[in-house]
Amino acid sequence: MKIIVSKIPEGGMNLRFEKEWKWFQERLPEGETCDFVLDRIAVACTVRRMKETVFIEGSAATTIEAPCSRCLATATLPVSSSFRYTYAPAPTDAPEECELSAEDLDYAYYEEDTIDLDRLIFEQIVLQIPIKPLCRVTCRGLCPHCGINLNVAVCHCQAKPFDERLAALKQFKVRSEKP
């Protein structure tokens, strides 16, 4: 969805819309795939303009289905994000390299009187997807020996015996030197 800056009404505007899984997949870099599936993405935002500066504040929410990183069962997780951005016209001269502060991350530029909300929503969803999804916090995972799901059944594998050659390392202590 694109917003034409010059057509934003004086009192601002409220937007509500939904995006599908296919929409998300189309925005992935070419050749990239996901190991999760998204449900419908619900977006609500308020857009205000003051001269050439545009303020966008809103939220995006969905649920993902992904394999649990411990037991490989399907995990269904809610994903939501609140965002606030300030957009200004892109500068005409090339910017100098500088270090960004935390508040600079909520500031962006638009070109040709257009702001692409799709890019913003995609970014917000990607940032909220967990790196290691879990079906539940107490997930016990898989047995490293037989592969049984320890959440569902009890494993009768015996623990690997301790290697006596490493026994000396149990006594090893590291001291920190204080100046």
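Conventions we followed
Residues numbered from 1 in each chain as written. Predicted model: local features only at pLDDT ≥ 70, side-chain atom pairs only at ≥ 80, totals over all residues. Heavy atoms only, no water. Core = buried A, V, L, I, M, F, W, Y, C linked by side-chain atoms within 4.5 Å. Buried < 20%, exposed > 50% of the residue type's maximum accessible area, 1.4 Å probe, protein only. Helix = DSSP H or I, 4+ residues; strand = E, 2+ residues; numbered from the N terminus. Contact = heavy atoms within 4.5 Å. Pairing = 2+ DSSP bridges. Polar contact = N/O pair within 3.5 Å; in protein donor to acceptor, adjacent residues only side chain to side chain.

1. Quick look at the nonpolar core
The nonpolar side chains of a soluble globular protein tend to be buried, and buried together. By size, the foremost hydrophobic cluster in this structure holds 35 residues, and its most contacted members are F24, I41, V54, I56, Y87 and I121. Those elements that place two or more of their residues in this core are β2 (13-19), α1 (21-26), β4 (41-50), β5 (53-67), β6 (74-89), β7 (107-110) and α2 (117-128). Among the elements that take part in this core, β6 stands out by supplying 6 residues, more than any other. Excluding residues within four positions of it along the chain, I41 makes contact with F17, E18, K19, W23, F24, A60, A61, T62, I121 and I125.

2. Concerning the side chain of Q124
Relative to the helices and strands, Q124 resides in helix α2. The buried category is assigned to Q124, whose relative accessible area is 6%. Not counting the four nearest positions on each side in its chain, Q124 is found in contact with S81, S82, F83 and Y85.

3. Observations concerning the pairing of β4
Bridge count for β2 against β4 is 7 bridges, and the pairing is antiparallel. Within β4, the position partnered with L15 by the bridge is C45. As paired strands, β4 and β5 are joined by 9 bridges and run antiparallel to one another. Each bridged residue has a counterpart across the sheet, and for A42 the counterpart in β5 is A61. In this structure, the hairpin formed by β4 and β5 is closed by a connection of 2 residues, where K51 is found at a positive phi of approximately 60 degrees.

4. Describing the side chain of T62
Summarising the element assignment, T62 is placed in strand β5. A polar side-chain atom of T62 sits 3.2 Å from the main-chain carbonyl oxygen of R40. Aside from chain neighbours lying at most four places away, what touches T62 is L38, D39, R40, I41, L77, P78, V79 and I125.

5. Brief notes about unusual backbone geometry
Most peptide bonds take the trans form, and the phi angle of most residues other than glycine is negative. Residues other than glycine seldom take positive phi values, yet L72 does so here, at roughly 70 degrees. With respect to the secondary-structure elements, L72 resides in the loop between β5 and β6. Judged by its relative accessible area of 59%, L72 falls in the exposed class. Not every positive phi belongs to a glycine, and D113 is a case in point at roughly 65 degrees. Positionally, D113 belongs in the loop between β7 and β8 (114-116).

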